[in-house]
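Residue-level structure breakdown
This is what each chain is made of:
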Amino acid sequence: MSLEDALKLIDESRKFLEPYKIYGKMITDGIAQLDNLEKLVKEGKISEAYTMSWSMCDQIAQYRAFVPPLVDNLEKVRRILKDAS
């Protein structure tokens, strides 16, 4: 998978979260993190993006049962960034 695939997964994750913005700060913070992650990838700051993706995977792991598609996407992004760094 390529960085382009990572960007698609980030966008897909953002779209997944958008309808849940009404549930509060945790969701809007998550969307902001995805925006920052996307920016890092687009700027070619792959090492920083990888570190951020690792942290995001760690944060969301406890919610795997509630948002499995989001967790799967973030884990795929993390693997892509690991391979690219």
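Attention here is on the structure that accompanies the text. (Residues numbered from 1 in each chain as written. Predicted model: local features only at pLDDT ≥ 70, side-chain atom pairs only at ≥ 80, totals over all residues. Heavy atoms only, no water.)

1. Topic: the side chain of asparagine 73
Heads up, the condition is: Helix and strand assignments follow DSSP, with helices taken as H or I runs no shorter than four residues and strands as E runs no shorter than two, numbered in order from the N terminus. The cut-offs for exposure are 20% and 50% of the maximum accessible area for each residue type, with area from a 1.4 Å probe on protein chains only; residues under the lower value are buried, those over the upper are exposed, and the others partly exposed.
Counting through the fold element by element, asparagine 73 comes out in helix H4 (residues 68-84). The buried category is assigned to asparagine 73, whose relative accessible area is 6%.

2. Concerning the packing of aromatic side chains
Counted only if it meets this: Aromatic rings from Phe, Tyr and Trp, taking only the six-membered ring of Trp, are treated as a pair when their centres fall within 6.5 Å; an angle between ring planes under 30 degrees marks them as stacked, one over 60 as edge-to-face, and anything in between as tilted.
One pass over the full model with this rule turns up 3 aromatic pairs. Relative to tyrosine 20, the ring of phenylalanine 16 lies with its centre 5.9 Å away and its plane at 45 degrees, an arrangement referred to as tilted. The exposure class of phenylalanine 16 is partly exposed, given its relative accessible area of 25%. Aromatic ring contacts, followed pair by pair, group Phe16, Tyr20 and Tyr23 into a single cluster.

3. Let's talk about the nonpolar core
Put simply, the rule reads: Buried Ala, Val, Leu, Ile, Met, Phe, Trp, Tyr and Cys residues that are joined via side-chain atoms within 4.5 Å together make up what is termed a nonpolar core. Here a residue-residue contact requires only that any non-hydrogen atoms of the pair lie within 4.5 Å.
In terms of nonpolar packing, the biggest core is built from 25 residues, with Leu37, Leu74, Val77 and Leu81 touching the most fellow members. Counting only elements with at least two residues in this core, the list comes to helix H1 (3-17), helix H2 (25-42), helix H3 (46-60) and H4. With 7 residues, the top contributor of residues to this core is H3. Once residues within four sequence positions are removed from consideration, leucine 37 is found in contact with Ile10, Ala49, Met52, Ser53, Met56, Val77 and Leu81.

4. Points about the environment of isoleucine 27
Mapped onto the elements of the fold, isoleucine 27 is located in helix H2. The spacing of isoleucine 27 and leucine 3 is 24 residues in sequence and 24 Å in space, taken between C-alpha atoms.

5. A few points about the pattern of salt bridges
Between side chains of opposite charge, a pair can form as their charged atoms come close. Under the convention used in this document: In the sections that follow, a salt bridge refers to a side-chain nitrogen of Lys or Arg positioned within 4 Å of a carboxyl oxygen of Asp or Glu.
One pass over the structure, following the stated rule, counts 10 salt bridges. Note that lysine 21 and glutamate 18 form a salt bridge whose closest N and O atoms lie 3.5 Å from each other. Residue arginine 64 pairs with aspartate 72 through a salt bridge whose shortest N-O separation is 3.4 Å. Residue classification places aspartate 72 among the partly exposed positions, given a relative accessible area of 33%. Taken together, the shared-partner salt bridges connect Asp11, Arg14, Lys15, Asp35, Glu38 and Lys42 into one network.

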